[in-house]
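Chain by chain, the residues run as shown.
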Amino acid sequence: MQQINVYQRLTHKFTLGWSHEDEWEDAAAVKILPLKRIASTDESDTFTQRVIAPSSHRKTDLSNAIASTLSHSGCRHEYDCCGCVSYHAIVRRVSAREYVARVHAYRNY
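Note that the structure is a prediction, hence the values are computed from the model and not measured. (Residues numbered from 1 in each chain as written. Predicted model: local features only at pLDDT ≥ 70, side-chain atom pairs only at ≥ 80, totals over all residues. Heavy atoms only, no water.)

Undergrad: Can you explain the overall build of the protein? Please cite residues and give values.
TA: Helix and strand counts for the protein come out as one helix and seven strands. N-terminal to C-terminal, the α/β element order of the protein is β-β-β-β-α-β-β-β. Relative to the 2.2 N^0.38 estimate, which gives 13 Å for 109 residues, the radius of gyration of the protein is 15 Å and therefore close to what a compact globule would have. Along the first, second and third principal axes, the C-alpha set of the protein runs to 45 × 30 × 20 Å. Out of the 109 residues belonging to the protein, those deemed buried represent 34%. Considering only contacts in the protein between residues 6 or more positions apart, those separated by 24 or more positions represent 52%. Approximately 7100 Å² of the protein is accessible, and the part contributed by carbon and sulfur atoms is 48%. Side chains of the protein carry 14 positive and 12 negative charges; the gap between the two charge centres is 12 Å. (Helix = DSSP H or I, 4+ residues; strand = E, 2+ residues; numbered from the N terminus. Rg over C-alpha atoms; globule rule 2.2 N^0.38 Å. Buried < 20%, exposed > 50% of the residue type's maximum accessible area, 1.4 Å probe, protein only. Contact = heavy atoms within 4.5 Å. Areas by Shrake-Rupley, 256 points an atom, 1.4 Å probe, with all protein chains shown as cover. Lys, Arg positive; Asp, Glu negative; His and termini not counted. Charge placed at Lys NZ, Arg CZ, Asp CG, Glu CD.)

Right, dumping it as structure tokens:
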């Protein structure tokens, strides 16, 4: 189990490759379990990942912060078909402290 900090994205002025230029706020330090691959094609992979929030955040919904943190891309190309991988996460809360993230990784083809 690994611990990471999750951040709430406050503004959405920039696309995913430039999202670090947006304003962010520290939300919490959470524990994440290893990814489990649930689907795979030549162009994309889909994973699930369980996330455990600290007891102090039991009443806080961290779904958006977890999704914002796990969704990312390093691609800054001005053209399509570069092959860069982007990650998009959808998170649902399953209990007071537990979340399940569905992470879709896809290549820009």
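Picking up after the structure, the text goes on.
Undergrad: Can you tell me about the nonpolar core, naming the residues and giving the values?
TA: Formed by 17 residues in total, the largest nonpolar core has its most connected members in V6, V30, L62, I66, L70 and Y99. Listed by contribution, the elements that provide at least two residues to this core are β1 (2-9), β2 (24-32), α1 (63-70), β6 (85-93) and β7 (98-107). If one sorts the elements of this core by residue count, α1 sits on top with four residues. Residues contacting L62, with those up to four places away along its chain left out, are A27, A28, V30, A53, H57 and Y99. (Core = buried A, V, L, I, M, F, W, Y, C linked by side-chain atoms within 4.5 Å.)

Undergrad: Tell me what's going on with the side chain of S71, and back it up with residues and numbers.
TA: Along the chain, the position of S71 falls in the loop between α1 and β5 (72-73). S71 gets classed as buried once you look at its relative accessible area, which sits at 11%. There is a polar contact of 2.8 Å between the side chain of S71 and the backbone oxygen of A67. At a separation of 2.8 Å, a polar atom in the side chain of S71 contacts the main-chain amide nitrogen of A89. Not counting residues up to four positions away in its chain, the partners in contact with S71 are L16, Y87, H88 and A89. (Polar contact = N/O pair within 3.5 Å; in protein donor to acceptor, adjacent residues only side chain to side chain.)

Undergrad: Please set out the pairing of strand β4 (residues 44-52) residue by residue, giving values where relevant.
TA: Bridge count between β2 and β4: two bridges; the pairing is antiparallel. Each residue of the ladder has a partner; that of K31, found in β4, is I52. Sheet topology note: the strand β3 (residues 36-40)/β4 ladder contains four bridges and is antiparallel. Bridged to R37 within β4 is F47. Between β3 and β4, which pair antiparallel in sequence order, lie three residues. (Pairing = 2+ DSSP bridges.)

Undergrad: Explain α1 to me, and be specific about the residues and the numbers.
TA: Each α-helix winds once per 3.6 residues, and so residues spaced three or four apart point in a common direction. Burial analysis of α1 places six of its eight residues in the buried class, the great majority of the element. The set of residues buried in α1 consists of S63, A65, I66, A67, S68 and L70.

Undergrad: So what's going on with the confidence of the model for the protein? Residues and values would help.
TA: On average, residues of the protein carry a pLDDT of 90, and 100% of them reach 70 or more. Per-residue pLDDT, averaged within each element of the protein, yields its smallest value for β5 (84) and its largest for β4 (96). (pLDDT = per-residue confidence, 0-100.)

Undergrad: An account of the pattern of salt bridges is needed here, citing residue identities and associated values.
TA: Tallied over the full model, the rule gives three salt bridges. Here R37 and D45 are joined by a salt bridge, their closest N and O atoms 2.8 Å apart. (Salt bridge = Lys/Arg side-chain N within 4 Å of Asp/Glu carboxyl O.)

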